[in-house]
Amino acid sequence: MEFSQADFDRLLLAEHTRKTSELNYAKDPLDAENLTKWGGALLELAQFQTVSDAKKMITDSISKLDEALMINPSKHETLWCMGNAYSTSAFMTTDHDEAKVSFDKAAQFFQRAVDADPDNELYQKSLEVAAKAPELHMEFQKAAADQQAMAGAPSASSTANAANKKKKNSDLKYDIFGWIILAVGIVAWVGMAKSHIPPPPPR
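If you're wondering where the values come from, they're calculated on a predicted model, not measured in any experiment.

Further remarks concern the packing of aromatic side chains. This structure, assessed with the given rule, holds 4 aromatic pairs. Each ring, one from Tyr25 and one from Trp38, has its centre 5.4 Å from the other, and the planes form 65°; the classification is edge-to-face. With Tyr25 in helix H1 (residues 5–27) and Trp38 in helix H2 (residues 32–45), this residue pair connects regions lying 13 residues apart in the sequence. Between the NZ or CZ atom of Lys64 and the centre of the ring of Trp38, over which it lies, the distance is 4.5 Å.

Dropping the structure here:
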């Protein structure tokens, strides 16, 4: 997986946010906004991990977001991030039934986010896309299977080809997961940055 400067910058920002959130949590474990930032940072960092490590990081992200929602159940930013976490988790599993459970949870959190902030177009769009997610998941799995089949080669070099197929499949997963998590990350950072912009001084 190659890193661009933008990828590296995002990695640094996400890691800085994760560390800052962890320190802030030690001071105030009941800060729902801090927990939301922590969960969002973990979701962003998952993009730069292997698939197995990314799954663990997303599980940790869900745990932090769940903790935030126990403190503030109606915080729409957290509800939306939770929806993204479950969507990303679903795309990272090959089992359709297991993925559907996560997609259903994602849709529920997106719906709650819309209910909490009905005028937010991003939440509305996320809810619309969530309805199509299971179909997209099936298409992705088919594409991955087709790519693996196309990567087949004579048995004389089966070991080398197995490694190549694994790498190509891994690259495809990085491509798919990359844009999913990238979209989540960018919007999360923009939203959080906007929430911290001070109001203009009175004239």
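Next, the rest of the story.
As for its placement among the helices and strands, Ser126 is situated in helix H6 (residues 121–150). Of the residues examined, Ser126 reaches a relative accessible area of 11% and is grouped as buried. Between the C-alpha atoms of Ser126 and Gly83, which are 43 residues apart in sequence, the distance is 8.5 Å. When sequence neighbours within four positions are dropped, the list of residues in contact with Ser126 reads Trp80 and Phe110.

In this section: the side chain of Thr36. Residue placement: Thr36 occurs in helix H2. A distance of 2.5 Å separates a polar atom in the side chain of Thr36 from a polar atom in the side chain of Thr78.

Bringing the nonpolar core into the picture now. Core analysis: the largest hydrophobic core is formed by 29 residues, its most contacted members being Ile58, Ile62, Trp80, Met82, Tyr86 and Phe109. When residues of this core are assigned to their parent elements, the largest contribution, 7 residues, is made by helix H3 (residues 51–71). Each of domain 1 (1–73) and domain 2 (74–147) contributes no fewer than three residues to this core. By size, the runner-up hydrophobic cluster in this structure holds 5 residues, among which are Ala90, Ala99, Phe103 and Ala133.

Quick look at the packing of helix H4 (residues 76–91) against helix H5 (residues 96–116) now. Geometrically, a packed helix pair is captured by the angle between its two axes and the distance between the axes. Across the interface, H4 lies against H5 with an axial gap of 8 Å and an inter-helix angle of 160°. Taken together, the axes of H4 and H5 are roughly antiparallel relative to one another. Handedness of the crossing formed by H4 with H5: left-handed. Residues His76, Leu79, Trp80, Met82, Gly83, Asn84, Tyr86, Ser87, Ser89, Ala90 and Phe91 of H4 pack against Ala99, Ser102, Phe103, Lys105, Ala106, Phe109, Phe110, Arg112, Ala113 and Ala116 of H5. Looking at side-chain class alone, the contact of H4 with H5 contains 13 nonpolar, 6 polar and 2 charged residues.

Reading the values: the criteria
- Residues numbered from 1 in each chain as written.
- Predicted model: local features only at pLDDT ≥ 70, side-chain atom pairs only at ≥ 80, totals over all residues.
- Heavy atoms only, no water.
- Phe/Tyr/Trp six-rings, centres within 6.5 Å; stacked < 30°, edge-to-face > 60°.
- Helix = DSSP H or I, 4+ residues; strand = E, 2+ residues; numbered from the N terminus.
- Lys NZ or Arg CZ within 6 Å of the ring centre and 35° of its normal.
- Buried < 20%, exposed > 50% of the residue type's maximum accessible area, 1.4 Å probe, protein only.
- Contact = heavy atoms within 4.5 Å.
- Polar contact = N/O pair within 3.5 Å; in protein donor to acceptor, adjacent residues only side chain to side chain.
- Core = buried A, V, L, I, M, F, W, Y, C linked by side-chain atoms within 4.5 Å.
- Domains from an automatic or database assignment.
- Axes fitted to C-alpha atoms, helices over the stretch in contact; angles between N-to-C directions.
- Parallel < 35°, antiparallel > 145°, perpendicular 65-115°, else oblique.
- Left-handed = near helix turned anticlockwise from the far one by under 90°.
- Nonpolar A, V, L, I, M, F, W, Y, C, P; charged D, E, K, R; others polar.

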